[in-house]
Amino acid sequence: MARGAGFAIWQIREARRSANAQVAVGLFEDLRNAETVEKLRSICDLESGDFKCLPSDKKEEIDYVIDSFDMLGALTLNKIIDKKLAI
């Protein structure tokens, strides 16, 4: 019985790892697509006061990119993604 419970716990952990790995792959693909790269370039071109003048859709694009990097940080912190790979 203890073996069965141990095996079930192991399966749950592996299922979580697999799901997290799928999230990580999707995140990497999203951060590397042409649209996101263009968003990153436009963010880099901003001056400190420009954010106040941006239309709301551009602010949402910036928030999306920031959220993606936050997710990458969380996955790295929880050792789901290797630190070297994230960098």
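Rules and cut-offs
Residues numbered from 1 in each chain as written. Predicted model: local features only at pLDDT ≥ 70, side-chain atom pairs only at ≥ 80, totals over all residues. Heavy atoms only, no water. Core = buried A, V, L, I, M, F, W, Y, C linked by side-chain atoms within 4.5 Å. Buried < 20%, exposed > 50% of the residue type's maximum accessible area, 1.4 Å probe, protein only. Helix = DSSP H or I, 4+ residues; strand = E, 2+ residues; numbered from the N terminus. Contact = heavy atoms within 4.5 Å. Salt bridge = Lys/Arg side-chain N within 4 Å of Asp/Glu carboxyl O. pLDDT = per-residue confidence, 0-100. Expected span 1.5 Å × (residues − 1). Axes fitted to C-alpha atoms, helices over the stretch in contact; angles between N-to-C directions. Parallel < 35°, antiparallel > 145°, perpendicular 65-115°, else oblique. Nonpolar A, V, L, I, M, F, W, Y, C, P; charged D, E, K, R; others polar.

Moving on: the nonpolar core. Among the nonpolar cores identified, the biggest contains 8 residues, and these are A24, L27, F28, L31, L72, L75, I81 and A86. For this core, the secondary structure elements donating two or more residues are helix 1 (2-32) and helix 3 (56-77). It is helix 1 that provides the largest number of residues to this core, a total of 4 residues. Ignoring anything within four residues of it in the chain, the contact list for L75 reads V23, A24, L27, I80 and I81.

Turning to the pattern of salt bridges, a few remarks are in order. Pairs may arise between side chains of opposite charge once their charged atoms sit close together. On inspection of all chains with the given rule, the structure shows 2 salt bridges. Its salt-bridge partner being K39, residue E35 comes within 3.4 Å of it at the nearest N-O pair. One end of the pair, E35, and the other, K39, are both in helix 2 (residues 34-44), 4 residues apart, so they sit about a helical turn from each other. With a relative accessible area of 54%, E35 lands in the exposed category. The residue E61 makes a salt bridge to K58 at a minimum N-O spacing of 3.8 Å. One end of the pair is E61 and the other is K58, both in helix 3 and 3 residues apart, which spans about a single turn.

A few words now on the side chain of K39. Look at K39 and you get buried, because its relative accessible area is 13%. Those residues in contact with K39 that sit more than four places away from it in its chain are E61, Y64 and V65.

Taken over all residues, the pLDDT of the chain has a mean of 81, while the share at 70 or more is 98%. Confidence, expressed as mean pLDDT per element, reaches its minimum in the chain at helix 4 (residues 83-86) with 75 and its maximum at helix 2 with 88.

Following the sequence through the fold, I62 ends up in helix 3. Of the residues examined, I62 reaches a relative accessible area of 10% and is grouped as buried. Setting aside anything within four residues of it in sequence, one finds I62 in contact with I43, L46, F51 and L54.

Let us now look at helix 3. In this model, helix 3 (22 residues) spans 31 Å end to end at C-alpha, consistent with the 32 Å of a helix rising 1.5 Å per residue. Once helix 3 finishes, K79 follows within two positions and takes phi at roughly 60°, a positive value.

Another point: the side chain of S68. Along the chain, S68 falls in helix 3. Beyond its immediate chain neighbours, meaning those up to four positions away, S68 contacts L27, D30 and L31.

Axis separation between helix 2 and helix 3 bottoms out at 10 Å; the angle between their running directions is 105°. The pairing of helix 2 with helix 3 is recorded here as roughly perpendicular in orientation. From helix 2, T36, K39, L40 and I43 reach across to helix 3, where they touch E61, I62, Y64, V65 and F69. Here the residues of the contact of helix 2 with helix 3 sort into 6 nonpolar, 1 polar and 2 charged.

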